[in-house]
Amino acid sequence: MDRSSRYGDINQEVALEIHALIINEDTGYVDKTNATGDQQLKLDVACDLLIEKAFRDNSDIYALISEEKEDVMRCNSEGRYTLCYDPLDGSSIVDVNLAVGAIFAIYEGEPSGDTIVGASYVVFGPRIEVVTTIRDEAPTRYRYIDGDYQVFHPIVMGNKGHINASGGSQKHWQDKHITFIHVLFSEGYRLRYSGGMVPDLHQVLVKGGGLFSYPSTTDSPNGKLRVLFEVLPFALIFEAAGGEAIDEKGRPLLELTVTHPHARTPCFFGSHYEIKRLKEAYGVV
Ligand code: AFP
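Asks: An account of the nonpolar core is requested, with residue identities and associated values reported.
Replies: Judged by nonpolar contacts, the single largest core of 40 residues is most densely connected at Tyr121, Phe234 and Phe269. Every element with two or more residues in this core is listed here: strand S6 (100–108), strand S7 (116–124), strand S11 (163–166), helix H4 (197–206), strand S13 (211–214), helix H5 (227–240) and strand S15 (267–270). When residues of this core are assigned to their parent elements, the largest contribution, 10 residues, is made by H5. Beyond its immediate stretch of four places on either side in the chain, Phe234 contacts Ile103, Tyr121, Met197, Val198, Leu201 and Phe269. Core analysis: the second largest hydrophobic core is formed by 29 residues, Ile93, Val94, Val100 and Ala102 among them.

Take a look at the structure:
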C-alpha cells in the first residue's frame with residue numbers, strides 16, 4: 001500500500017458513502033450495545049459494515065478494529081496494517097442535525113502510540129471535509145466541492161488560541177479541572193463544545209489553537225474517549241500540526257501502550273500555551 005495515496009483515496013470514497021447513509025438512513029436504535037456499552041444506532045451498524053467492506057479484502061490489511069465491533073476482525077494474515085476506526089463519531093447527535101464525523105487510524109504491527117503510521121478524519125458538517133496525515137507530515141485538509149476533493153492548505157497550529165471545548169459532566173469534574181477551566185474562561189476563552197469530538201477538535205485545529213479536554217471524572221476514572229480509534233489518530237494529527245496531545249500525567253498520548261482494543265483514556269489536545277497551563281494546573285510540569 002502506497003500509504004498516502006491509496007489510503008487517502010479509499011477514505012474519500014467511503015466518506016461520500018457514509019454521507020449518503022447519514023442523509024437517507026433513519027436514526028433509530030438497534031437492540032444491541034457496542035463493546036463500551038453505548039446503544040447502537042442503525043447508522044452506526046450501517047457505517048461500520050460499509051467501512052469493513054471497503055477494507056477487509058485489501059491484502060495490506062491484517063485486521064480491523066472498530067468502535068462498533070466487539071472483537072478484532074482478522075482479515076489477511078500477510079497484511080502489514082491494522083485499521084482502527086470509529087465509523088460515525090457523534091452518532092447520538094445526528095438526529096439533532098449537528099456536525100458529526102468518522103475517524104481512521106492505520107497501525108503497522110500491534111496497535112499502540114508508537115506504531116501509528118497514518119490517521120484521518122471526515123467532518124460531515126455543512127460541507128464534507130477530510131483531514132489526513134502520514135506520520136511526521138503536516139495534515140492536509142480536503143474539501144468536497146463540485147464532485148471532487150479540493151486540496152486546502154496544510155493545517156498548522158499557532159502557539160495560543162481562544163477556544164475551549166471542555167467535555168465530561170462538570171458535576172463529576174475534579175476540583176483542579178474546575179479551577180483550570182474557570183481560569184481559561186476568565187481569560188476570555190470561548191466555549192465551543194458540541195458533543196461531537198470530530199467537529200470540536202477540527203475547530204481547534206482550523207482556528208489555529210485552543211484546548212479540547214475530556215478528563216477523568218469521579219464517575220468515569222478513565223474518561224470516555226477510546227484510545228485506538230478516537231484519541232491516538234487525533235494525537236498524531238495534533239502533533240503533526242504543531243500542537244500537543246497529552247494525558248492527565250502530562251505524558252504525550254503517542255507514548256501510550258494499549259491494553260485493550262476498547263481501552264479509554266483522559267485526553268487533552270491543544271496549542272502549546274494551553275497545554276503548558278494545563279500541566280501547571282494538574283501539577284505535572
Ligand atoms: P457518540 O458517538 O456516542 O455520540 O459519542 C460521541 C463522543 O464519543 C465524542 O465524539 C464526544 O466528544 C463525546 O462522546 C461526548 O461525550 P459527552 O456527551 O459526555 O460530552
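Asks: Any details on the site of the ligand? Residues and values, ideally.
Replies: Taken together, 13 residues lie around the ligand, and Asp89, Ser92, Tyr193, Met197 and Tyr214 are the ones closest in. Measuring from an oxygen atom of the ligand, one finds a backbone N or O atom of Gly90 at 2.9 Å. The side chain of Ser92 places a nitrogen or oxygen atom 2.6 Å from an oxygen atom of the ligand. Computed on the free molecule, the ligand has an accessible area of 480 Å², of which 82% lies beneath the protein chains in the complex. Split by residue class, the shell around the ligand holds four nonpolar, five polar and four charged.

Asks: Please set out H4 residue by residue, giving values where relevant.
Replies: The buried fraction of H4 amounts to eight of the 10 residues, a majority that puts the element mostly inside the structure. Within H4, the full set of buried residues consists of Met197, Val198, Pro199, Asp200, Leu201, His202, Val204 and Leu205. Where H4 ends, the next residue or the one after it, Gly208, has phi of about 85°, a positive value.

Cut-offs used in this document
Numbers given for residues are sequential positions, taken from 1 along each chain in its written order. Residue-level local features of this predicted model are given only where pLDDT is at least 70; pairs of side-chain atoms are given and counted only at 80 or more, and the full residue set underlies all totals for whole chains, interfaces and linings. Computation of side-chain values: all heavy atoms of the structure, hydrogens and water removed. Note on terminology: a nonpolar core comprises buried Ala, Val, Leu, Ile, Met, Phe, Trp, Tyr and Cys residues joined through side-chain atoms within 4.5 Å. Relative accessibility thresholds used throughout: buried, under 20% of the residue-type maximum; exposed, over 50%; partly exposed, between the two (1.4 Å probe, protein chains only). In this text, helices come from DSSP runs of H or I with a minimum length of four residues, and strands from runs of E with a minimum of two, each type numbered from the N-terminal end. By definition, residues are in contact when any of their heavy atoms lie within 4.5 Å. Consider each residue's heavy atoms; a residue with any of them within 4 Å of a molecule or strand counts as near. Here a polar contact is taken to be a pair of N or O atoms separated by no more than 3.5 Å, where protein atoms must pair a possible hydrogen donor with a possible acceptor and residues adjacent in sequence count only if both atoms sit in side chains. Areas reported as accessible are Shrake-Rupley estimates using a 1.4 Å probe. Residue values count occlusion only from the protein chains shown. Each residue is assigned to one of three groups, with Ala, Val, Leu, Ile, Met, Phe, Trp, Tyr, Cys and Pro labelled nonpolar, Asp, Glu, Lys and Arg labelled charged, and all others, Gly among them, labelled polar.

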